[in-house]
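# Geometric and topological summary
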Amino acid sequence: MEREVDVVVVGGGPVGENVADRARAGGLDVVLVEHELVGGECSYWACVPSKTLLRSAAALRAARRVPGAAEAITGELDVAAVLRRRDFWVSDWTDDGAAKWVAGAGIGLERGHGRLDGPRRVVVEHPDGSEVTLVARHAVVLSTGSDPVIPPVVGLAEAEPWTSRDATSVQHPPARLAIIGGGVVACEMATAYAGFGTQVTVLARSGLLGRMEAFAGEAVAAGLRGLGATVRLGVEPTQVERNASGEVVITLDDESTVTADEVLVATGRTPRSRTVGLESVGLEPGSWLTVDETMLVADAQGDGEWLYGVGDVNHRALLTHEGKYQGRAAGDVIVARALGRPVDATPWGVHAATADHAAVPQVVFAEPECVSVGLTEAEAARAAVEVRIADVPMQSASGAGILADGYEGRARLVVDAERGVVLGATFVGQDVAELLHAATVAVVGEVPVDRLWHAVPAFPTMSEVWLRLLEDLGRPKAAA
Ligand SMILES: Cc1cc2nc3c(=O)[nH]c(=O)nc-3n(C[C@H](O)[C@H](O)[C@H](O)COP(=O)(O)OP(=O)(O)OC[C@H]3O[C@@H](n4cnc5c(N)ncnc54)[C@H](O)[C@@H]3O)c2cc1C
Ligand SMILES: NC(=O)c1ccc[n+]([C@@H]2O[C@H](COP(=O)([O-])OP(=O)(O)OC[C@H]3O[C@@H](n4cnc5c(N)ncnc54)[C@H](O)[C@@H]3O)[C@@H](O)[C@H]2O)c1
């Protein structure tokens, strides 16, 4: 059977939902194709469950740092209650609510595996084996996401390692968990499981959180050790084995071994593009999709501008909020191209995902929280941009001291020396997540630091750290 529609979106994660929503709002007839759960990795096995697994222990730690509240805590973390709250937030791994939203938005839903079958054609294989071919008048969007990478370490795949899916959907946390990797998933899951009382061992081949300022990873290493975890830096596994007792034994390159009940592999992602028919339009199966600023895939066969790659699968920024941002731009540009309206793909134009290059915000919900946007000092150096750095302790803001006794953290601004605008910011410490958006606004708005002196942070909030950062850069001189 064949059916014509305006737009086919393959992959109903947060990104596909956003593309479909914008294209539909622009008056196009849209079908979303999903082979698992509408809502994607983020809703059921990534952002949402991981944050709910982290939140309760973070609240407990925060209360313990405030005399008066600390004395009121008479028990330990109720892990079963944490898991029940997680189950609620992932809707017990059902997507009725999400599917209802899709229907309410006027978007068609095809449940099944979608794959390209030549330009503008998508074959959907339903769970019962039946097929439908959707022929797109205007666009096909691939928003199929990414899968975890299992590195080729001897015995690792056979040892049945956990991926992020196992870690976020756990029903019975193990007594001992080894984690391979030192990135975001490793740091967040180490924090969550240490909070549950699991004996956690992090095995990282370099420092932690390598893409952030070095002080972020150093703080998390110290924070995890403070929670009782073992953090081993500069080690790589050479062999993994699950022994007769069911334990996982990991041999490291320094010949030491680590024994645990489970091993979580958190070593990055690979594109979910192996079985989506890329070969039928002249592209390499299993590759990240190379796209332009409007998310149009370069080099796809077929006439006109028809194939888009949005979200994780294009590898621009593997974050839900950034993928959704791309999705809004892509949905709108598909409508503009379909209706012959002007396209504005200039930097910061409505159809361009410019922020992907200059202003990607990220919150790592570890102990302590680490947040960043824009360039780090090292990235600015690599880009040969001359910068000024402001560096202050978070506790220099009186709001931090009031928030928690013994508060410790650090804040950094990276400022373009020539233009005097903020290029990047990093905050590390308890509850810094909500400080990030102000920094994102400053970076995207290219706000001159001299003007920031007039953005007065309220007393006594943690935002006063902005004032301390400005003081570190120095008061502007009066115009002559
Ligand atoms: C443990 C963990 C925690 C994370 N936490 C955060 C966080 O706190 N904040 C944040 O911003 N990001 C976080 N991320 C990253 C975030 O999950 C991803 O960036 C986001 O899910 C990408 O969205 P997406 O729609 O591109 O892909 P996905 O969410 O993976 O959705 C893709 C969808 O496409 C479907 N699909 C794939 N192929 C086909 C096909 N051929 N046919 C039909 N359907 C198909 C899949 O079933 C899926 O539903 C986290 C990631 C992990 C692993
Ligand atoms: N709060 C958030 O925003 C959040 C949370 C979790 C995940 N995510 C996103 O999901 C993506 C995946 O996260 P991740 O932690 O898997 O990836 P990552 O890229 O953040 O970290 C991968 C880690 O694995 C290490 N590594 C890679 N190959 C290895 C190997 N062969 N042996 C040993 N170590 C190896 C790297 O050195 C690095 O420390 C990230 O891009 C991240 O942005 C975001």
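Everything discussed here concerns the structure shown above.
Okay, so let's go over this structure. Since we're looking at a predicted model, the values are computed, not measured.

The local shell around ligand 2 holds 18 residues, among which V185, E188, R211, G268 and V363 are the closest. A distance of 3.0 Å separates an oxygen atom of ligand 2 from a polar backbone atom of G182. In this structure, R205 approaches ligand 2 through a side-chain N or O atom, which is 3.1 Å from an oxygen atom. Contact with the protein chains hides 79% of the accessible area of ligand 2, taken as 840 Å² for the molecule alone. Of all the elements in the fold, those that place two or more residues in the shell around ligand 2 are α7 (184–196) and β17 (362–364). If you tally residues by element for the shell around ligand 2, the top one is α7, at 3 residues. For the shell around ligand 2, the residue count by class is 7 nonpolar, 6 polar and 5 charged.

Both trends apply: most residues other than glycine have a negative phi, and most peptide bonds are in trans. Along the chain, E367 connects to P368 via a cis peptide bond; the corresponding omega equals 0°. Along the chain, the position of P368 falls in the loop between β17 and β18 (370–374). With an omega of -5°, the peptide bond between F459 and P460 qualifies as cis. Within the fold, P460 resides in the loop between α14 (449–452) and α15 (465–473).

Since the α-helix advances by 3.6 residues per turn, residues separated by three or four positions end up pointing in the same direction. In a regular helix each residue adds 1.5 Å, so 13 residues correspond to 18 Å; α7 covers 19 Å between its end C-alpha atoms and thus fits that length. Among the 13 residues of α7, 10 are classified as buried, and the element is accordingly described as predominantly covered. Residues A186, C187, E188, M189, A190, T191, A192, Y193, A194 and F196 constitute the buried set of α7. Among the residues trailing α7, G197 stands out with phi positive, at a value near 95°.

Tracing the chain through its elements places T52 in helix α3 (residues 47–64). Ignoring any residue separated from it by four or fewer positions in sequence, one finds T52 in contact with V82, R85, R86 and W89.

A few words now on the pairing of strand β5 (residues 121–125). Pairing between strand β4 (residues 113–116) and β5: 4 bridges, direction antiparallel. Bridge assignment links R115 to a residue of β5, and that residue is V123. Counted between consecutive antiparallel strands, the loop separating β4 from β5 contains 4 residues, among which G118 sits at a positive phi close to 95°. In terms of strand pairing, β5 meets strand β6 (residues 131–142) through 5 bridges, oriented antiparallel. Among the inter-strand pairings, V122 is bridged to a residue of β6, identified as L134. Hairpin connection between β5 and β6: a loop of 5 residues separates the two successive antiparallel strands, and G129 in this loop has a positive phi of roughly 95°.

Here helix α9 (residues 320–338) is 19 residues long and its end C-alpha atoms lie 26 Å apart, about the 27 Å a rise of 1.5 Å per residue gives. Every buried residue of α9 is listed here: E322, G323, Q326, G327, A329, A330, G331, D332, V333, I334, V335 and A336. The elements touched by buried residues of α9 are β1 (2–10), α1 (14–25), β6, β16 (307–309) and α10 (355–358). Looking one or two residues beyond α9, the residue adopting positive phi is G340, at roughly 70°.

With that out of the way, let us pick up the layout of surface pockets. As a volume, the second largest pocket reaches approximately 480 Å³. Looking at the lining of the second largest pocket, the elements that each hand over two or more residues are α3 and α4 (79–89). When grouped by side-chain class, the residues that make up the lining of the second largest pocket number 9 nonpolar, 3 polar and 9 charged.

What describes a pair of aromatic rings is the distance from one ring centre to the other and the angle between the planes of the rings. Counted under the stated rule, the structure contains 5 aromatic pairs. Plain terms: the ring middles of F88 and W89 are 6.2 Å apart, the flat faces sit at 90° to each other, and that makes the pair edge-to-face. Aromatic ring contacts, followed pair by pair, group W162, Y193 and F196 into a single cluster. Its guanidinium or amino end placed over the ring of W45, R165 lies 3.6 Å from that ring's centre, counting from NZ or CZ.

Cut-offs and rules
Residues numbered from 1 in each chain as written. Chains lettered and ligands numbered in written order. Predicted model: local features only at pLDDT ≥ 70, side-chain atom pairs only at ≥ 80, totals over all residues. Heavy atoms only, no water. Near = heavy atom within 4 Å. Polar contact = N/O pair within 3.5 Å; in protein donor to acceptor, adjacent residues only side chain to side chain. Areas by Shrake-Rupley, 256 points an atom, 1.4 Å probe, with all protein chains shown as cover. Helix = DSSP H or I, 4+ residues; strand = E, 2+ residues; numbered from the N terminus. Nonpolar A, V, L, I, M, F, W, Y, C, P; charged D, E, K, R; others polar. Expected span 1.5 Å × (residues − 1). Buried < 20%, exposed > 50% of the residue type's maximum accessible area, 1.4 Å probe, protein only. Contact = heavy atoms within 4.5 Å. Pairing = 2+ DSSP bridges. 1 Å grid on protein atoms, 1.4 Å probe; cavity = no way out; pocket = protein on both sides within 12 Å on 5 of 7 lines; lining within 4 Å. Points joined across faces, edges and corners; volume = space filled by probe spheres on them. Phe/Tyr/Trp six-rings, centres within 6.5 Å; stacked < 30°, edge-to-face > 60°. Lys NZ or Arg CZ within 6 Å of the ring centre and 35° of its normal.

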